[in-house]
Amino acid sequence: DVFALGMKMTERILIVDDNRDTADSLATLISAFGYEAKAVYDGQNAIEQAPLFVPDMALIDIGMPGLNGYETVSRIRQQRCNMHTVLVAVTGRSGDEDRRRAYESGFDLHVPKPMSVEALKELLMIVDPSGDQASPDRTIIRPALSFATQEMAIEARSDEFKRAAGDERELL
């Protein structure tokens with residue numbers, strides 16, 4: 001029992017971006033926050049590394065050569081070991097159609113570039129139990145996320161439920 005032993009597990013964050021400087025800088029920053037971060041530079045490597053690294057969250061650029069982010073996330077989502085990974089589109093493409101396409105391909109969240117350090121910290125709180133408190137029954141009580149982060153998550157889930165119900169009208 002991890003809580004009984006007082007041990008903390010480190011959350012794993014996979015960064016996928018064909019711009020090596022961006023990916024490496026983001027991995028360095030995320031590591032400085034105390035996470036285990038791994039940068040890969042294309043969709044194929046992401047697909048190969050995801051089942052080995054088993055990230056809690058993956059930040060994936062959409063506009064990559066070869067396998068783009070949509071194709072990459074679709075394939076990662078099919079891997080049983082990554083069914084619960086939070087998949088985030090981090091992209092300069094921020095129109096309604098881009099968000100819709102991101103959610104349809106399997107992303108949980110869509111975050112426009114450039115992303116501030118504060119926005120990154122909020123995003124990481126989704127998978128970060130640091131600062132959380134364990135209740136006596138050992139369930140995790142998460143601190144409140146900002147309105148913006150809650151709104152992103154609610155929007156993503158709302159669209160997911162609408163798709164499941166077959167109500168495509170409200171998605172467009």
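Rules used in this analysis
- Residues numbered from 1 in each chain as written.
- Predicted model: local features only at pLDDT ≥ 70, side-chain atom pairs only at ≥ 80, totals over all residues.
- Heavy atoms only, no water.
- pLDDT = per-residue confidence, 0-100.
- Contact = heavy atoms within 4.5 Å.
- Core = buried A, V, L, I, M, F, W, Y, C linked by side-chain atoms within 4.5 Å.
- Buried < 20%, exposed > 50% of the residue type's maximum accessible area, 1.4 Å probe, protein only.
- Helix = DSSP H or I, 4+ residues; strand = E, 2+ residues; numbered from the N terminus.
- Axes fitted to C-alpha atoms, helices over the stretch in contact; angles between N-to-C directions.
- Left-handed = near helix turned anticlockwise from the far one by under 90°.
- Nonpolar A, V, L, I, M, F, W, Y, C, P; charged D, E, K, R; others polar.

A. Local environment of the confidence of the model for the chain. Averaged over the chain, the pLDDT score is 78; the fraction of residues at 70 or greater is 69%. Below pLDDT 50 for its whole length, residues 1-8 participates in eight contacts with residues either more than four positions away or in separate chains. Counting contacts from residues 131-151, a segment whose pLDDT is below 50, to residues more than four positions away or on other chains yields 28 contacts.

B. Spotlight on the nonpolar core. The biggest cluster of nonpolar side chains holds 19 residues, and the ones touching the most others in it are Leu14, Val16, Ile60, Ile76, Leu87 and Phe107. If you list the elements that add at least two residues to this core, you get strand 1 (12-16), helix 3 (43-53), strand 3 (57-60), helix 4 (69-77) and strand 4 (86-91). Tallying contributions element by element places helix 3 first for this core, with four residues. Once you skip the residues sitting within four places of it in the chain, Leu87 turns out to touch Ala58, Ile60, Val73, Ile76, Arg77, Gly106, Phe107, Asp108 and Leu109. With 18 residues, the next largest nonpolar core counts Ile13, Leu26, Ala27 and Leu120 among its residues.

C. Just the packing of helix 2 (residues 20-32) against helix 6 (residues 117-124), in detail. For the pair helix 2 and helix 6, interaxial distance at closest approach is 12 Å and the crossing angle is 65°. Judged by the twist between their axes, the crossing of helix 2 over helix 6 is right-handed. Residues Leu26, Leu29 and Ile30 of helix 2 form the contact with helix 6, whose own contacting residues are Val117, Leu120 and Leu124. For the contact of helix 2 with helix 6, the class distribution of residues is six nonpolar, no polar and no charged.

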